[in-house]
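# Structure at a glance
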Amino acid sequence: MKSPSPFDLFSESVTRGLARFSSRRSVLGAVGATAVAQSVPALPVARAAEKPLTEFELKSQAKDPTRCDYWRHCAIDGVICGCCGGGIHSCPPGSQPSPVSWIGTCRNPDDGKSYVIAYRDCCGRTTCSAPDECECNTADRELPIYRPQSSNDIIWCFGTASQRYHCSTAALIGSAD
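## Description of the overall build of the protein chain
Scanning the protein chain for helices and strands turns up three helices and six strands. Listing each helix as α and each strand as β along the protein chain from the N terminus yields α-α-α-β-β-β-β-β-β. Taken over 177 residues, the protein chain has a buried fraction of 32%. Counting every atom, the protein chain has about 11500 Å² of accessible surface; 58% of that belongs to carbon and sulfur.

## Focus on the pattern of salt bridges
According to the stated counting rule, one finds three salt bridges in the structure shown. Across the salt bridge formed by lysine 59 and glutamate 55, the nearest N and O atoms sit 3.3 Å from each other. You can see lysine 59 and its partner glutamate 55 sitting in helix 3 (residues 55-59), four residues apart, about one turn around the helix. Residue arginine 67 pairs with aspartate 69 through a salt bridge whose shortest N-O separation is 2.5 Å. Arginine 67 sits in the partly exposed class, given a relative accessible area of 37%.

## With respect to the nonpolar core
Counting 16 residues, the largest nonpolar core has Trp71, Cys74, Cys106, Ile117 and Tyr119 as the members making the most contacts within it. Of all elements in the fold, only strand 3 (102-107) and strand 4 (114-123) reach the threshold of two or more residues within this core. With three residues, strand 4 is the single largest residue contributor to this core. With residues near it in sequence (within four places) discarded, cysteine 74 still touches Phe56, Thr105, Cys106, Tyr119, Thr138, Ala139 and Asp140.

## A look at helix 1 (residues 6-21)
Here helix 1 spans 23 Å end to end across 16 residues, near enough to the 22 Å set by a 1.5 Å rise per residue. The buried fraction of helix 1 amounts to one of the 16 residues, a small share that puts the element mostly on the outside.

## Section: the side chain of glutamine 61
Residue placement: glutamine 61 occurs in the loop between helix 3 and strand 1 (77-79). Taking relative accessible area as the criterion, glutamine 61 reaches 14% and is therefore assigned buried. Here the side chain of glutamine 61 touches lysine 63 through a polar contact of 2.7 Å, landing on its backbone nitrogen. Of note is the side chain of glutamine 61, whose polar atom sits 2.8 Å from the backbone nitrogen of aspartate 64.

## Considering the state of the cysteines
Applying the stated rule across the entire model yields seven disulfides. Cysteine 83 shares a disulfide with cysteine 134; S-S distance 1.9 Å. Residues cysteine 83 and cysteine 134 share a disulfide whose torsion about the S-S bond is about -70 degrees; that sign makes it left-handed. Of this pair, cysteine 83 sits in the loop between strand 1 and strand 2 (96-97) while cysteine 134 sits in the loop between strand 4 and strand 5 (135-137), and the two are 51 residues apart along the sequence. By relative accessible area, which is 22% here, cysteine 83 ends up partly exposed.

## Here we look at the packing of aromatic side chains
Across all of its chains, the model carries three aromatic pairs by this definition. Ring centres of tyrosine 70 and tryptophan 71 lie 6.2 Å apart, and the angle between their planes is 50 degrees; on these two criteria the pair is classed as tilted. Each member of the pair, tyrosine 70 as well as tryptophan 71, is classed as buried. Taken together, Tyr70, Trp71 and Tyr115 form an aromatic cluster joined through their ring pairs.

## Describing the pairing of strand 4
Summarising burial for strand 4: eight of the 10 residues are buried, a large majority. Direction of pairing for strand 3 relative to strand 4: antiparallel, over a ladder of six bridges. Directly across from threonine 105, in strand 4, lies its bridge partner valine 116. Between strand 3 and strand 4, which follow one another and run antiparallel, lie six residues, and glycine 112 among them has a positive phi close to 75 degrees.

Definitions and limits used
- Residues numbered from 1 in each chain as written.
- Predicted model: local features only at pLDDT ≥ 70, side-chain atom pairs only at ≥ 80, totals over all residues.
- Heavy atoms only, no water.
- Helix = DSSP H or I, 4+ residues; strand = E, 2+ residues; numbered from the N terminus.
- Buried < 20%, exposed > 50% of the residue type's maximum accessible area, 1.4 Å probe, protein only.
- Areas by Shrake-Rupley, 256 points an atom, 1.4 Å probe, with all protein chains shown as cover.
- Salt bridge = Lys/Arg side-chain N within 4 Å of Asp/Glu carboxyl O.
- Core = buried A, V, L, I, M, F, W, Y, C linked by side-chain atoms within 4.5 Å.
- Contact = heavy atoms within 4.5 Å.
- Expected span 1.5 Å × (residues − 1).
- Polar contact = N/O pair within 3.5 Å; in protein donor to acceptor, adjacent residues only side chain to side chain.
- Disulfide = S-S within 2.5 Å.
- Phe/Tyr/Trp six-rings, centres within 6.5 Å; stacked < 30°, edge-to-face > 60°.
- Pairing = 2+ DSSP bridges.

Below, the structure is given as structure tokens:
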């Protein structure tokens, strides 16, 4: 009988050493994990692409909240309450905020970040007779009506003493980034 080669002796000692400290399942698991880990970079990955700026975002400003091109008004539809004796996030005297709101995501041109804005109708008085530049209908990135919480085409005065629309506010809720 022929004596084993040095390669055979080495292979046998490695195999016996491996068998002493592991099971077949753990070896197969390690081989499988290594095979999967090496194939991961080859899998297709959808990367989030930077969205191009919309026309509203290109022209928006952050100085005058009583104009329709103010950055928070990217999804507002109605009269700005700041033109009617209220503020960017407060109703004028004699009106009350609706208990529900619609939302939009607007980009602040000063810091380049996006923020969630809650638009709330102020109700209880006749529509504010403000100058034309205070009557806005911006629907930047507006979603279809099957997402009513994001629609600016609804009068949101449900649940108030009077369902009469007066004006709309634009309160900053938080960062969307």
